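Spelled out, the chains give:
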Amino acid sequence: MSTLSIDKISMRFDLPNGSHVQALKDISLEIKSGELMSVLGPSGCGKTTLLNIVAGFLAPTEGSMTLNNHHITGPDAERGMVFQQGALFEWMSVRENVSFGPRMKGQREAEWRDNVDHLLDIVGLRDFKDKSVFELSGGMQQRVALARCLANDPDVILMDEPLGALDALTREKMQGLVLKLWKETGKTIILITHSVEEALLLGERLLVLAPRPGRIHREYRLPFADMGVGHDLREVKKHPEFAEKREEILSMIWDMEEEIMGNAAEASA
Amino acid sequence: MIILLIYTSIFIAGFFLVRFGVKRLMQTRADFTSLKTVTFGDESAVRPDRWASVISVVTIFLLWGAFTGSKWAPIHAPAPFIGDTEITYTLQAPDGSTDDATIALRVHKFGEDPASPEIDAGTGFAKNDAEIVSAGRTKTVLFDKNDDAKRRDGAKIIAINGQPITQGQSVSFASGSVSLTDKGAIQITPSGGMQMEPIWLPPPEKVVSRFVEISTEGYQGFTLWEHLGYSLFRVVLGFLLGALVGIPLGYAMGLSNWFRGWFDPIVEFMRPVPPLALIPLVIIWAGIGEVGKIILLFLAALWIMAIAARAGVSGVNITKVHAAYSLGASRFQLMRHVIVPNSLPEIFTGARVAMGVCWGTVVAAELVAAEKGAGMMIMVASRFQLTDIVIMGIILIGIIGYGIDILMRIAEKTLVPWKGRS
Ligand SMILES: Nc1ncnc2c1ncn2[C@@H]1O[C@H](COP(=O)(O)OP(=O)(O)O)[C@@H](O)[C@H]1O
Ligand SMILES: [Mg+2]
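Counting restarts for each chain, with residues numbered from 1 along the sequence as it is written. Following the order in which they are written, the chains are lettered starting with A and the ligands numbered starting with 1. Residue-level local features of this predicted model are given only where pLDDT is at least 70; pairs of side-chain atoms are given and counted only at 80 or more, and the full residue set underlies all totals for whole chains, interfaces and linings. Side-chain calculation: all heavy atoms of the structure are included, whereas hydrogens and water are not.

Enquirer: Pulling in residues and values, what's your account of the sheet that holds strand β1 (residues 83-92) of chain B?
Expert: Strand pairs in the sheet, formed through backbone hydrogen bonds, run parallel or antiparallel to each other. Residue and element names in this part refer to chain B. Pairing between two strands is assigned when DSSP locates at least 2 bridges connecting them. Secondary structure counts use DSSP, requiring at least four H or I residues in a row for a helix and at least two E residues in a row for a strand, with both numbered from the N terminus. In spatial order, the strands read β3-β2-β1-β5-β6; together these 5 strands make up an open sheet with mixed pairing. In this open sheet, the two edge strands, each paired with only one partner strand, are β3 (129-134) and β6 (163-164). Across 10 bridges, the pairing between β1 and strand β2 (residues 98-108) is antiparallel. When the bridges of β2 are listed, Gly 83 appears paired with Val 107.

Below is the structure:
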């Protein structure tokens, strides 16, 4: 039903000095309802740009996107977004943050109370619901951001390095939570990361982008997300196939990085 | 000079006394900061020493009292000589014979007008004189007016109190100094001491008694509270009007290209113009009444608040705006739930600055022209050289300004607790 299709999207930034950056070139994708797709690539390859276009914050210079058979022209509640950090509203309590979407729709408290309390339970913040968000740790803040996004019941959830600012332990717990939420809610999720392990763990599909211009380099279908649901992620990481894929993708990205460095050296020579 | 020296030595002595005396005796708490080994250069480890603050304030009052002869100060700087004294001069007649005579001197406080001391003429050709002089002032004594031997005939003074002296020299005596002018007349200067006269700086108790007097009887037809209240009223009204116009203007400038383009030149031009420079123009336009002052304060607050609101809007993290839109917020909801609350910390900072500027401006405006107000009170008092009222006014103005700032800070703490926490 809710298929997100991206059709030959290109994005070119014209710079003030007259030159331009081809951030994305001819990206075509089809993401089915309930799919969990991670996007990986060297930094500067256009991951954020792609996500901003899908979210509707940027209009692509070429190409178009449809969700549920209508064109995407701007931000909308059907596409929720989880940012790396700084997107929570400090002047609201945890509960007010989570209920923001429903309240903006004009729902009364009676209508959203149960759902919001349920989500706060799932992300383990029931006892913190009346706290101010600036009193919470980074991991807790990201759980609030996840709950806030889910409370709005979007068709697609877009995440731009949502766990990038967290320490390794918190990050691992949060990866488990993302998998759990994905399974329980059945949402379509696109998750950007620069961690190869995270991309492998949290992607049924894994998209590797190549830079300059940003384009799809390879796509994988992976079993690890399904294996990880409800299980210890460290066990998944011990899987021989996991290690093999990790090496393969790491060296792929290394090659890309070297190519960039080489190009830069040539350009400056 | 001497005062600065004393002040510096109290500063240093206090430091060593507290450091090695008081602190040794007291058990200091082992909180986190006191356990830091690196404190020099770590600004967060610098906390005001309460002892230093107390000694600092006490020192100011002590110096004030000591150098104004206050009854409250336990020690005093040398006071000027007041009372009766006398000197003896030895006059040499042209023929070489000498005779002594005394000058009885009555030294009185500045502004008083006592009678001359009673004397008898004495014997010999040099006759006794009587003079009055204000404390610390110099008096030229034409001693020979009543003497039988005159200076123009060749008589001259050869000694004062037995000490030899010639023209242009001076000798000191117990309560002052005496010198001879080039023409041979006597100049007596009773010692002025090191205390300030009340007309320069009255002692603290005079300021306090003035405060009591004016707060019960009023000044220039208005009670003290009316003077202060009117100044405060002008500030609050002017500030509120400025905020009422300035904040929406700042928002509009932060949200719309057209508003930004239209008002940028105006705001950027008006911002560096000190409100004090507008006083003459406002007086020409609106007179010296309430309207002029409110307009002035309105203008003082307007630009500050507009710039603060604009900064508040442009300071919003773009991810918050994106998040709100993708959660389904409309433009109005974005404004109401994101832009406005996000800009409140900036607006409060601006409001604190604006209140400070308004308070300064209102006092200055009242100095120029007003019928009532804190500034008018000290302006009128200074015309009558009532220094105690001037100092009382300055202290009250300082206290109120400080009070306003504290209130604003409390309001900020309670209303925007998330300030600086994002
Ligand atoms: N607003 C912009 N103006 C100009 N260039 C941009 C802008 N946003 C991104 N870019 C360029 O587009 C490329 C991709 O950026 P981005 O999508 O942020 O990469 P990633 O998220 O993969 O690190 C980069 O080269 C970046 O410099
Ligand atoms: Mg990025």
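Here the narrative resumes.
Enquirer: Account for the interface of chain B and chain A, naming residues and giving values.
Expert: A contact between two residues is defined here by any heavy atoms of the two lying within 4.5 Å. In this complex, chain B contributes 20 residues to the contact, which on the side of chain A involves 23 residues. For this document, the term salt bridge refers to a Lys or Arg side-chain nitrogen within 4 Å of an Asp or Glu carboxyl oxygen. For Glu 90 of chain A, the salt bridge is made with Lys 320 of chain B, and the minimal N-O distance between the two is 3.4 Å. In protein, a polar contact means a hydrogen-donor-capable atom and an acceptor-capable atom, both N or O and within 3.5 Å, with residues adjacent in sequence counting only if both atoms are side-chain atoms; elsewhere, any N or O pair within 3.5 Å suffices. Across the contact surface, chain B and chain A share 4 residue pairs in polar contact (both at pLDDT 80 or more). The leading source of residues in the side of chain B that touches chain A is helix α8 (residues 318-326) of chain B, at 7 residues. Here the residues of the side of chain B that touches chain A sort into 9 nonpolar, 9 polar and 2 charged. Residues are grouped as follows: Ala, Val, Leu, Ile, Met, Phe, Trp, Tyr, Cys and Pro are nonpolar; Asp, Glu, Lys and Arg are charged; every other residue, Gly included, is polar.

Enquirer: Break down the packing of helix α10 (residues 374-383) of chain B against helix α11 (residues 387-415) of chain B for me, citing the residues and quoting the values.
Expert: Residue and element names in this part refer to chain B. Angles here are taken between N-to-C directions and fall from 0 to 180 degrees, while the axes themselves are lines fitted to C-alpha atoms, restricted in helices to the stretch in contact. Two numbers describe how α10 lies on α11: the axes approach to 8 Å, and their chain directions differ by 160°. Compared by their axis directions, α10 and α11 come out roughly antiparallel. The chirality of how α10 crosses α11 is left-handed. Here Ala 374, Met 377, Ile 378, Ala 381 and Ser 382 of α10 lie close against α11, whose contacting residues are Ile 389, Val 390, Met 392, Gly 393, Ile 394 and Ile 397. Grouping the amino acids of the contact of α10 with α11 by side-chain chemistry returns 9 nonpolar, 2 polar and no charged. Oblique is the label for any angle not under 35 degrees, not over 145, and not in the 65 to 115 range, which are roughly parallel, roughly antiparallel and roughly perpendicular in turn. Here a crossing is taken to be left-handed if its near helix is turned anticlockwise relative to the far helix by less than a right angle, and right-handed if that turn runs clockwise.

Enquirer: Can you explain the packing of helix α6 (residues 279-286) of chain B against helix α7 (residues 290-314) of chain B? Please cite residues and give values.
Expert: All names here are of chain B. Where α6 meets α7, the closest approach of the two axes is 9 Å, and the angle between their N-to-C directions is 140°. For the element pair α6 / α7, the angle class is oblique. Remark: the crossing between α6 and α7 carries right-handed chirality. Residues Ile 279, Val 282 and Ala 286 of α6 lie in contact with α7, whose contacting residues are Val 291, Gly 292, Ile 295 and Leu 296. Taken together, the residues of the contact of α6 with α7 sort by class into 6 nonpolar, 1 polar and no charged.

Enquirer: How would you explain the site of ligand 1 if you had to name every residue and give the values?
Expert: Residues and elements named next belong to chain A. Any residue with a heavy atom positioned within 4 Å of a molecule or strand is treated as near that molecule or strand. Looking at ligand 1, the residues that line it are Phe 13, Leu 15, Val 21, Ala 23, Ser 43, Gly 44, Cys 45, Gly 46, Lys 47, Thr 48 and Thr 49. Gly 44 is positioned with one of its backbone polar atoms (N or O) 2.7 Å from an oxygen atom of ligand 1. One of the backbone N or O atoms of Lys 47 is found 2.9 Å from an oxygen atom in ligand 1. Protein contacts shield 61% of the accessible area of ligand 1, which totals 560 Å² for the unbound molecule. Per-residue and other accessible areas follow the Shrake-Rupley method at a 1.4 Å probe size, with only the shown protein chains counted as cover for residues.

Enquirer: Could you give an account of the packing of aromatic side chains, with specific residues and numbers?
Expert: In this scheme Phe, Tyr and Trp rings, the latter by its six-membered ring, pair at centre separations within 6.5 Å, and the angle between planes marks the pair as stacked below 30 degrees, edge-to-face above 60, and tilted otherwise. Throughout the structure, instances matching the rule amount to 13 aromatic pairs over all chains. When the centroid spacing of 5.8 Å and the interplanar angle of 35° are considered together, the rings of Phe 61 of chain B and Trp 64 of chain B count as tilted. Placement of the pair is Phe 61 of chain B and Trp 64 of chain B together in helix α2 (residues 50-66), with a separation of 3 residues, close to one helical turn. Relative accessible area decides the class of each residue, using a 1.4 Å probe on protein chains only: under 20% of the type maximum gives buried, over 50% gives exposed, and in between gives partly exposed. Judged by its relative accessible area of 13%, Trp 64 of chain B is buried. In this structure an aromatic cluster arises from ring pairing among Phe 89, Trp 91 and Phe 100 of chain A together with Trp 418 of chain B. Two thresholds decide whether a charge sits over a ring: the Lys NZ or Arg CZ must be within 6 Å of the ring centre and within 35 degrees of the ring normal. The side chain of Arg 148 of chain A reaches across the aromatic face of Phe 89 of chain A, ending 4.8 Å from its centre. The aromatic ring of Tyr 230 of chain B is capped on one face by Lys 372 of chain B, whose charged end is 4.5 Å from the ring centroid.

Enquirer: An account of the domain arrangement of chain B is needed here, citing residue identities and associated values.
Expert: Domain borders in the structure are assigned automatically or taken from a domain database. In terms of domain boundaries, chain B breaks down into domain 1 (2-66), domain 2 (83-190) and domain 3 (205-415). Each of domain 1 of chain B and domain 3 of chain B has a C-alpha centre, and these two points are 35 Å apart.

Enquirer: With reference to specific residues and values, describe the pattern of salt bridges.
Expert: Residue and element names in this part refer to chain B. Under the counting rule described, the total for this entry stands at 39 salt bridges over all chains. Asp 405 is the partner of Arg 352 in a salt bridge, and the nearest nitrogen-oxygen pair spans 3.2 Å. Taken together, the positions of Arg 352 in helix α9 (residues 331-368) and Asp 405 in helix α11 put the pair 53 residues apart, joining distant regions of the chain. For Arg 352, a relative accessible area of 27% translates into the label partly exposed.

Enquirer: I'd love a proper account of the environment of Leu 146 of chain A, names of residues and values included.
Expert: Residue and element names in this part refer to chain A. Its place among the elements puts Leu 146 in helix α5 (residues 138-151). Accessibility expressed as a relative area gives 5% for Leu 146, which makes it buried. Sequence separation between Leu 146 and Ile 216 is 70 residues, and the spatial gap between their C-alpha atoms is 27 Å. Residues in contact with Leu 146, not counting those within four places in the same chain, are Val 82, Met 159, Met 174, Leu 177, Val 178 and Leu 181.

Enquirer: Tell me what's going on with the sheet that holds strand β8 (residues 176-180) of chain B, and back it up with residues and numbers.
Expert: Residue and element names in this part refer to chain B. As summarised here, the arrangement of the 4 strands in space is β4-β9-β8-β7, forming an open sheet in which the pairing is antiparallel. Edge positions in the sheet fall to β4 (139-141) and β7 (170-173), since each has one partner strand and no second. Pairs of neighbouring strands in the sheet enclose a mean axial angle of 25°, with direction left out of account. Pairing of β8 with strand β9 (residues 186-190), which is carried by 5 bridges, proceeds in the antiparallel orientation. Directly across from Ser 179, in β9, lies its bridge partner Gln 187.

Enquirer: For the nonpolar core, give the residues involved together with the corresponding values.
Expert: Core analysis: the biggest nonpolar cluster contains 58 residues, and Phe 100 of chain A together with Phe 239, Met 305, Val 338 and Met 392 of chain B have the highest contact counts within it. Counting residues per element, the ones that place at least two in this core are α3 (100-104) of chain A together with α3 (204-217), α4 (224-255), α7, α8, α9, α10 and α11 of chain B. It is α9 of chain B that contributes the most residues to this core, 12 residues altogether. Excluding residues that lie within four positions of it along the chain, Met 305 of chain B makes contacts with Phe 239, Gly 242, Ala 243, Gly 246, Ile 247, Ile 347, Gly 350, Ala 351 and Ala 354 of chain B. To form a nonpolar core, buried Ala, Val, Leu, Ile, Met, Phe, Trp, Tyr and Cys residues must be joined to one another through side-chain atoms within 4.5 Å. Leu 136, Cys 149, Ala 199 and Leu 206 of chain A belong to the second largest nonpolar core, which has 54 residues in total.

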